[in-house]
Every structure is written in C-alpha cells, then in structure tokens.
Amino acid sequence: MEIPYNVEERQDTGMYNAKLGIWLFLASEVMLFGGLFSAYVFLRMGDITGTFASGSQELNVPLATFNTLVLITSSVTMIMSWVSLKLGDMKKFKMHLGSTLLLAGVFLVVKYFEYSAKFHHGIYPDTSTFFSIYFTLTGLHMIHILGGMVVIFYFLVPGSKMMKTEPERFTNRIETVGLYWHFVDLVWIFLFPVLYLL
Amino acid sequence: MSGHTDTYHEEPFWRKYIFSIDHKVIGIQYGITALVFLLFGFTLMMLMRWQLAYPEQPMPWFGWLFGEEGVMLPEVYNSLGAMHGTIMIFLGVVPLAVGAFGNYFVPLQIGAPDMAFPKLNMSSYWCYLAGGIVMMVGFFVPGGAANSGWTSYPPLSDIATTGQTVWLFGMVLLITSSLLGSVNTITTIVQLRAKGLTWMRLPFFVWTQFITGFLLLLAFPPLEAAGVLQLMDRLAGTSFFLPSGLVVSGELLDVSGGGSPLLWQHLFWFLAHPEVYVLILPAMGIVGEILANNTRKPLWGYKSIVYASSFLGFMSFVVWAHHMFMTGMGSTISAFFQTTTMIISIPSVVILTAMFISLWGGSIRYNTAMLFALGFLPMFGIGGLTGLPLGIAASDIHLHDTYYVIGHFHYVVAPGTIFALFAGIYYWFPKMTGKVLNERLGKIHFWTSMIFINGIFMPMFIQGLAGVSRRLWDGGISYAHATDTFYLNEMMSTSAWLLGLAQIPFIINLIMSLKSGEKANDNHWEATTLEWTDAPSPPLPHRNFEIIPEVHRGPYEYSVPGSDKGFIPQSEA
Amino acid sequence: MSGHSVEDIKKSVKVYIGVFASLAVLTVVTVAASYLDLGSGEAFFLAMIIASVKGTLVAGYFMHLFTERTTILAVLGLTFFFLLTIMFLPYIAFTDQAGV
C-alpha cells in the first residue's frame, strides 16, 4: 500500500504530506515556546526585587553573540545542503550538512562552557527566578538542538542511501529537516536578546 | 512501504496486531485501551462515592485497599479524585473520541488508504500507552498517586508527594501522543481526501475531527510548557509557581521565591478550556452522523454547523480566564472574558438547534445508536445551559468550586460526550467487526444508564446551589451549609453504583456479539458516507478500499425524491 | 517554494548569502544597541524589533514562507493569533486586579 502524496505534491493543495506535517509540528512548537516566553514576561512583570535585570548582567554576552553567529551560519549551511541536493551534487550536500552538524556541536560546546562557568560561580536554576527561566529556556532549546543533531546525523550517514533509490523523497526529507533547523535558529534569535541583552 | 505497492502480504502476528501501522488496528488498540481506562476511572469514582455517602465507615469488600480499618483517608480520597479526572479526560474520553474513532473513521470517510503518516500513528498510540502506564505507576510510589486535583494547582502541587512528579511525566507523554496524533489527523484530512471530496462535502464527523486536531495542536503546548516549569519546580528547586515568603505547615518554605501560582492557572486553562471542546466536538460529529442516518434526512443546516463549529474552536482560545474569576482579576478583564464566554455559547446553541431541527419530520429509526444520540441532545443541553451562570462573574462567585460546577461539566462530558461515544460504538461496531451489537442488550444499557446518570448529576445542582464545596472528603458532614442537602449523597452514590452495574450488559454485548453476533452486511445502516458504501465490513487491511472511491455529492443525501433506494451514496455518480 | 529550475536555484543562493550577511549585521547591531543608554521600555522594543526583523528574514527566506502555499500560511496565521493571545496573558494578570 502506498500513501498518496507521500513524495509528489497534491495538485489542489500544492504540498506533499510531510511538508504540511512539519509545519503543523512547528506551529505547536511556536505555542510551546510562546507559553514559555509568556511565562518569562509574566515573571519579569512580577519581579519587584530586580532579579531579572541583575541576573542578565551576569551572563556572558560575547560568548552568546558568538553562538548566535554560529547558529545563523549553521542555518545557511543547512539550506545550502538542500540546494546542493536540488542540483544533484551529493558531495557538496554532505559537506554542507556535515558543517551544520559541526556548527551545532560548536554551539553545544560553547553552551557547556557557559553553563559550567555559572555552576562554578554557584549559580543554579534555583538561584533566582531569572536563572530559573534562563536555564529552562536554554535547556529546552539545547534539547531541540540535540534532537536536530540526531536527525541530521541520520541523514548524513545511514539515511543518505535513500538518495540513490528515491532522490525526490530524500530531497523532501532534507527540506523538512531544514525547516525544523531554521525554527530552532529562529527561537534562539528571540532567546538571545530576551535573556542576554535586556 | 515502497517496493511492494498494491500487493498485500500476510504479516506476522506482532506486526499485524501489536506494532501495526494500519490505522484501523491502531484505532481499535486506542479504543480498547481507552475503554479499560474509562472503566478504571469510573471505578475510582465509585470508591469515592462510598466515602461521600457513608463518611468514615469501613468500606465493604474493597476496604482492604485502604489498610486495616477499611476507611478511606483524606489523602487517598484526594488521590482518587485527581486521578479520576486525569484518567477520564486524558486517558479515557479524548483517546476514545480522537484516537479511536478519529483514527479509524477519518481515513475511511475521506476515502484514504490510511493516515498520512502510519508510523507516526503507531508511535502516537505507544506514547499514549506509555503515558497511561506511567500514570498508573503513580499509585505505587510513596505517598500515592497525584493528589492535587486534575488541575494540579500550585503551590499545593509543587510541594505534593512524589506522585505529582510521576503525573507530570505521564502528562508529558500524553501531550506528545496527542500532538503526534493531531499532526497526523490534520495532514490526512487536508491531503488525502478522495477525488471530488471538497470541504463542503466532508461528513460533519470529519469536520469536527479537523477542528479538534487544531485545538490539540495549539492548546496543548502551553500546558506542556507549564508542565516543564512545574517539573523544574519539583526537581531543580526553582520557584516558578512559588511566591516569596510561602509558609507551609507553620514553616517558611526555603525557596528563592518570586514566582506566581497564577502563572500556572493561566497556562493550564489556556489548554484546558479548548480541551472542553476537544471533548465535545467529536461527540457532536458522531451524533450528527447518526442523526442524519437514522432520521433518513440531511443534517439540517450543514453549512451553519460547520461554520459554527469552526467558530467554536476559534473562540475556545479566548475564554480561558472564566475559570479564574475568583483569582482576584479586576472587573475589566472579568467583563472581557464574561463577554467572550457568552459569545461562545452562540455557536454551541446553533449546533444543538440544528440537530434538534434535523429531527423534525423525520421517520426516525429508534435503534440503540440513535437512542444514545438522542439522549446526547438534552443532556448536552442541560450541561451547556447550566454553564451560563458559571460564565458570568457575579454568579460564579457563589457557584465557584461547588458541586454545581461538578454537575455542569459532568452533564457535558458524561451523559453528553460519553453517550455520544456509546452511540458511535453501536453505530460503527458493524463496520469495525462485521458483527452487529445486540439491540435488546443495547436498549437495556441505554435506559438504565440514562436514568442512573441523571440520578448522579442532577442532585449535584441542588447541593451546589446550597453552597456545598466540591472538595469535601467527608461528603459535607462537617459543613453546616450542607446539612439540608446531605441526604442526597446516598442517592447519588447509589446511582453511581447502579450505573456501574448498568455497564455490564454493554460489556457482555461487546463480547457476545463479537463471538456470535448477527453478521453485518457492508452497508448495515443504509448510510451514504464512504466507509459504509465503498468498504467491506470490516474494511480491507492496510488499503481499506478495493478501489479508491470518487465523490460526487454531499454527505447526507437521504430521502432524495426519485431515487430507488431512498438515499444516494456519496460515491454514486 | 522558490522555483525548481537550476537557474532559479542558483539565483536563490545569492539571496541566502544576502540574508546571512544581514542576520550577522543585525546580531552585531542588537548587541551594540544594548549598550546604548535607553530606558528599559525603549530597550525592550528596540531589541524586539531587531529580533522580529531577523526572525522574518529566517522565516521568509530560509523557510520559504514568502512564497509558501496558502494552506500553510493560514495555519501559521492562526498560530500567530493564538501566540499573541498567550503573550497577552501577563497583561491580563497584572493590569487589572481586584482591590488594586
């Protein structure tokens, strides 16, 4: 049995199934992070002792700026890998997707140093409401990065066999992974000023 | 799946019945699991009703569950209450309405060979089962299962026993399951409609599943966010929901503070109000199908009810704070939510009215499915109308947290949604199994359930108006307000136990009919929709239809003048 | 989705590089702006405006939303409305309280 529109686009909607699927999933992710951002604003509005302003002073802005650039670059390499697939250049595809994975790794390593510096200074999630939300938001974002890395690794090594048998389907898969990855980037674009700069 | 198109291979047992990716098997898995959980959740309530009717008397037969004395402790009562709510909503009704019926009949009614993502579908069921099992584990951890109510309000839930942590993990799994499920349902409906099946030709049931999908998709994540925050509070010692200077049992709680219990309530009700419509919309869909089929008439005002239910779904996102009138909200915000609440009652009334008008002039077939569907209409009417005083801030201040609230939402969910689900089981059982459920047992099931369920919930309005709080574990014995209405407790409890007995004919019916029931033909009810007209009973494994049908007309062409059968199937050219 | 022909794809690569450059510049700008001596309200709005521009670039070009199908845009429109609703939540909790 074959599910219709698994690979090709349905004429009247103009989409293949997974494309709508991933967007619906991202819509729910928007609401997930939306709920947490709302919690952030809520707590900040109720913060009479000023832990938010003083807390964000303690974060390392240069490191986070570097990380922002890393993540933006990984987004570009992600889309370039999809472009390479479209052009049928498997070698370039692997190179770009590999760099995405590598950059994601760099992001996590930097984050690890940030976290351990905080722990070193005795700052934990229960230190203040600001650090509670800081660790929760960045932690959840890191879980998303990790999940993305697992999927990217899968398509880089074992999953790329599909390119030989069903090239169009594989290209679609890379496009959906890309959409997820850009979303993770998008979340960070908002997390960065909200946590580090304000 | 690629490689063997159109051929069907016999699969090994575990692939066919356990880790199946066939939407029909998954639907039945959902159905059976959900029915077991429904029965279990109901059992918890039957235990609680003993305590309410005969406070502090040892329970016969089941007393050993509560230690040597056989008397239910307040903590246990709280645990049972919290778990009853959680199980009935998240493990019973929603999986049955969306997971079972949605999964099984949406692809069939739109003429699709399966759901859009079969493997995702399987993982969504297994996530649900895992969530259910984790919830059950809660009963065996020190301190018992979660005992802060199904709403898990902090700060109580933040400082509650381990059961609460287990509850949160269970919820995360259940939320994941319904997210996967809703992505699948929406994609299936948008992408896999058969040729010619335009939006306004969709059976009403498919519409309700579509809207429900969006509610699950967009309302659940904020609760997941809140759940993550509460987990952080419980495990990492944060204080998202704990204000500074909180005193517990005379001692200042050692936390950083600065949080707010209100934050939880907002995030929780942002989910939980749409959740109400998750419970009711599929029920309306089922009832719509059955009404049209058994009145042998088109559903009256099909377009209006489709628009009304879409509007209902949309509005359900902007009414949540009417659950929070007592939290110190000012009059401006109260007025806003009071207004949106009054507005949302309009589409509900449109749908209910259209369904009542559908009955007009029909030559009604009173089979069991139809009886349950007809029972749904006034029961949901009572549930809906008694909600109005709760939506108005002034009267809510009196009624809040009383048995009136319990009566109100149980009328919506129990004789409302659950009756509709029973109707669905009687209506679709022939399609799912190829056997017809016994009508006589079915009618016994309906009439006894109908009488006893009203015996439980109608007195709650009286108690609630008298001001009896819903949280009293001793049934109001220590509560001066309650003395006048105290005698009702025994009546309600007896009704609850009799309602439990009334389910026995249903269970017997399911088993007996499956084994030796009357054989159903492919279109047992002479219906017009694709699952009846174009698929055998039961439908073919993995592909449903021999030939994927094409659709040429709307869903309810009954009693069409000039047609020889009296109805025209959707797929007839 | 931006076209399928090889020509179109090569053209879009240039766009992606442009977007990348703008994102990098805006990141630097937002960090620089945080050192300006602004009131907390103004700083918040400035940071949010820059973040929104960056977000729009990512969603519009990398995620192809500028040329996406109406079904997806409709779903996201709905989501965005509910996102606004939930962001409105703290306002509800703090602006109007009984007895304040």
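Here the structure is a predicted model, which means the values were calculated and not measured. (Residues numbered from 1 in each chain as written. Chains lettered and ligands numbered in written order. Predicted model: local features only at pLDDT ≥ 70, side-chain atom pairs only at ≥ 80, totals over all residues. Heavy atoms only, no water.)

Asks: Describe the overall build of chain C, listing the residues and the values that go with them.
Replies: Each helix and strand counted, chain C has 4 helices and 0 strands in total. Mapped from its N terminus to its C terminus, chain C presents α and β elements in the order α-α-α-α. Taking 13 Å as the expected radius of gyration for a compact globule of 100 residues, we find that chain C reaches 19 Å, considerably beyond that expectation. Seen through its principal axes, chain C has C-alpha atoms that stretch 65 × 40 × 10 Å. Sequence-distant contacts in chain C: of pairs separated by 6 or more residues, those separated by 24 or more amount to 60%. Split by element, the accessible area of chain C, about 5,400 Å² in all, is 71% carbon and sulfur. Where the 5 positive side-chain charges of chain C centre and where its 6 negative ones centre are 19 Å apart. (Helix = DSSP H or I, 4+ residues; strand = E, 2+ residues; numbered from the N terminus. Rg over C-alpha atoms; globule rule 2.2 N^0.38 Å. Contact = heavy atoms within 4.5 Å. Areas by Shrake-Rupley, 256 points an atom, 1.4 Å probe, with all protein chains shown as cover. Lys, Arg positive; Asp, Glu negative; His and termini not counted. Charge placed at Lys NZ, Arg CZ, Asp CG, Glu CD.)

Asks: Explain the overall build of chain B residue by residue, including any values.
Replies: The helix and strand tally for chain B stands at 17 helices and 4 strands. By the compact-globule yardstick of 25 Å for 573 residues, chain B fits well, its C-alpha radius of gyration being 24 Å. In terms of its C-alpha atoms, chain B occupies a principal-axis envelope of roughly 75 × 55 × 55 Å. Of all intrachain contacts in chain B linking residues separated by at least 6 positions in sequence, the fraction that spans at least 24 positions is 78%. Carbon and sulfur atoms form 69% of the exposed surface of chain B, whose accessible area is close to 20,600 Å². Placing the 24 positive and 32 negative side-chain charges of chain B at their respective mean positions leaves the two points 13 Å apart.

Asks: Let's hear about the pattern of salt bridges: which residues, and what values?
Replies: Residues and elements named next belong to chain B. Taken as a whole and judged by the stated rule, the model has 14 salt bridges over all chains. Two residues, Arg471 and Asp401, come together in a salt bridge whose shortest N-O distance is 3.2 Å. Here Arg471, found in the loop between helix H14 (439–465) and helix H15 (488–502), pairs with Asp401, found in the loop between helix H12 (393–399) and helix H13 (403–433); they are 70 residues apart in sequence, far enough to count as distant. Judged by relative accessible area, Asp401 falls into the partly exposed class, the value being 25%. For Glu557, the salt bridge is made with Arg553, and the minimal N-O distance between the two is 3.3 Å. The class for Glu557 is partly exposed, based on a relative accessible area of 26%. (Salt bridge = Lys/Arg side-chain N within 4 Å of Asp/Glu carboxyl O. Buried < 20%, exposed > 50% of the residue type's maximum accessible area, 1.4 Å probe, protein only.)

Asks: With reference to specific residues and values, describe the nonpolar core.
Replies: Residues B:Phe101 and B:Phe204 are the most contacted members of the largest nonpolar core, which totals 285 residues. Setting aside residues up to four positions removed in sequence, B:Phe204 forms contacts with B:Met284, B:Gly285, B:Gly288, B:Glu289, B:Leu299, B:Tyr302, B:Ile305, B:Val306, B:Ser309, B:Met355 and B:Tyr556. (Core = buried A, V, L, I, M, F, W, Y, C linked by side-chain atoms within 4.5 Å.)

Asks: So, the packing of helix H3 (residues 61–86) of chain A against helix H4 (residues 90–120) of chain A: which residues are in play, and what are the values?
Replies: Two measures define how a pair of helices packs: the angle their axes make with one another and the distance between the axes. All names here are of chain A. For the pair H3 and H4, the least separation of the axes is 8 Å and the interaxial angle reads 160°. With respect to their mutual orientation, H3 and H4 come out roughly antiparallel. Seen along the crossing, H3 lies across H4 with a hand that is left-handed. Residues that form the contact of H3 with H4 fall into these classes: 14 nonpolar, 9 polar and 3 charged. (Axes fitted to C-alpha atoms, helices over the stretch in contact; angles between N-to-C directions. Parallel < 35°, antiparallel > 145°, perpendicular 65-115°, else oblique. Left-handed = near helix turned anticlockwise from the far one by under 90°. Nonpolar A, V, L, I, M, F, W, Y, C, P; charged D, E, K, R; others polar.)

Asks: So, the environment of A:Val110: which residues are in play, and what are the values?
Replies: Residues and elements named next belong to chain A. If you trace the backbone, Val110 turns up in helix H4. In this structure Val110 comes out as buried when scored by relative accessible area, which is 9%. A sequence separation of 15 residues divides Val110 from Pro125, and the C-alpha atoms of the two residues are 19 Å apart.

Asks: Could you give me a rundown of the interface of chain B and chain C, with the residues and numbers involved?
Replies: With 18 residues of chain B at the contact, the number on the chain C side is 14 residues. Buried surface at the junction of chain B and chain C, summed over both partners, amounts to about 1,500 Å²; 85% is from carbon and sulfur atoms. It is B:Leu218, B:Phe314 and B:Ile333 in chain B that bury the most area against chain C; as a group they hold 28% of the surface buried on that side. Summed over the shared surface of chain B and chain C, the result is 0 salt bridges. (Buried area = accessible area lost by both parts, 1.4 Å probe.)

Asks: Now, about the interface of chain C and chain A: what can you tell me, with residues and values included?
Replies: Often, the extent of an interface is quoted as the loss of accessible area upon association of its parts. Facing 43 residues of chain C, the contacting portion of chain A comprises 47 residues. Across the chain C to chain A interface the summed buried area is about 4,100 Å²; carbon plus sulfur atoms make up 84%. At the surface where chain C touches chain A, the tally comes to 2 salt bridges. Measuring nitrogen to oxygen at the nearest pair gives 3.9 Å for the salt bridge that ties A:Glu9 to C:Arg69. Our count for the contact surface shared by chain C and chain A stands at 3 residue pairs in polar contact (both at pLDDT 80 or more). Considering only residue class, the side of chain C that touches chain A consists of 31 nonpolar, 9 polar and 3 charged. (Polar contact = N/O pair within 3.5 Å; in protein donor to acceptor, adjacent residues only side chain to side chain.)

Asks: So what's going on with the packing of aromatic side chains? Residues and values would help.
Replies: All names here are of chain A. For the structure on display, the rule yields 77 aromatic pairs over all chains. Considering the side-chain rings of Phe107 and Trp188, the 5.1 Å spacing of their centres and the 90° angle between planes classify their relative orientation as edge-to-face. Within this pair, whereas Phe107 is found in helix H4, its partner Trp188 is found in helix H7 (residues 167–197), the two being separated by 81 residues in sequence. Across the pair, Trp188 and Phe107 agree in class, each one buried. (Phe/Tyr/Trp six-rings, centres within 6.5 Å; stacked < 30°, edge-to-face > 60°.)

Asks: I'd love a proper account of unusual backbone geometry, names of residues and values included.
Replies: Only a minority of non-glycine residues have a phi that is not negative, and only a minority of peptide bonds are not trans. The omega angle of the peptide bond from B:Pro154 to B:Pro155 is 0°, so this bond is cis rather than trans. Its place among the elements puts B:Pro155 in the loop between helix H4 (118–137) and helix H5 (163–191). Cis geometry marks the peptide bond from B:Ser537 to B:Pro538, where omega comes out at -10°. Within the secondary structure, B:Pro538 is located in the segment after helix H17 (530–533). Positive phi outside glycine occurs at B:Asn544, with the angle close to 65°. Positive phi values are uncommon outside glycine, yet C:His64 reaches one of about 60°. Within the element layout of this structure, C:His64 appears in the loop between helix H2 (40–62) and helix H3 (70–87). The class of C:His64 is buried, set by a relative accessible area of 4%.

Asks: Let's hear about the confidence of the model for chain C: which residues, and what values?
Replies: Scored by pLDDT, chain C has a mean of 88; 93% of the residues are at 70 or more. Looking over chain C, one finds the lowest element-wise mean pLDDT in helix H4 (residues 89–95) of chain C, namely 80, and the highest in H3(C), namely 94. (pLDDT = per-residue confidence, 0-100.)

Asks: How would you summarise the environment of B:Tyr54 if you had to cite specific residues and measurements?
Replies: Residues and elements named next belong to chain B. Mapping Tyr54 onto the fold places it in the loop between helix H2 (23–53) and helix H3 (74–109). Take Tyr54: its relative accessible area is 19%, and that puts it in the buried class. It is 23 Å that separates the C-alpha atoms of Tyr54 and Ala145, two residues lying 91 residues apart in sequence. Residues contacting Tyr54, with those up to four places away along its chain left out, are Glu490 and Trp497. Side-chain polar atoms of Tyr54 contact the side chain of Glu490, separated by 2.9 Å.

Asks: Provide a residue-level description of helix H10 (residues 368–385) of chain B, including the pertinent values.
Replies: The end-to-end C-alpha distance of H10(B) is 26 Å, a good match for the 26 Å that 18 residues give at a rise of 1.5 Å each. Judged by how many residues are buried, H10(B) sits mostly within the fold: 14 of 18 residues are covered. (Expected span 1.5 Å × (residues − 1).)

Asks: Give a description of H2(C) that names residues and reports values.
Replies: The end-to-end C-alpha distance of H2(C) is 32 Å, a good match for the 33 Å that 23 residues give at a rise of 1.5 Å each. Along H2(C), the positions that sit buried rather than exposed are C:Ala47, C:Met48, C:Ile50, C:Ala51, C:Lys54, C:Gly55, C:Leu57, C:Val58, C:Ala59, C:Gly60 and C:Phe62.

Asks: Outline the side chain of B:Gln570, listing residues and values.
Replies: Residue and element names in this part refer to chain B. By secondary structure assignment, the location of Gln570 is in the segment after H17. For Gln570, a relative accessible area of 0% puts it in the buried group. In terms of polar contacts, Gln570 uses its side chain to reach the backbone carbonyl oxygen of Arg201, at 2.9 Å. Beyond its immediate stretch of four places on either side in the chain, Gln570 contacts Leu197, Arg201, Pro203, Thr528, Thr529, Leu530, Glu550, Val551, His552, Arg553, Gly554 and Pro555.

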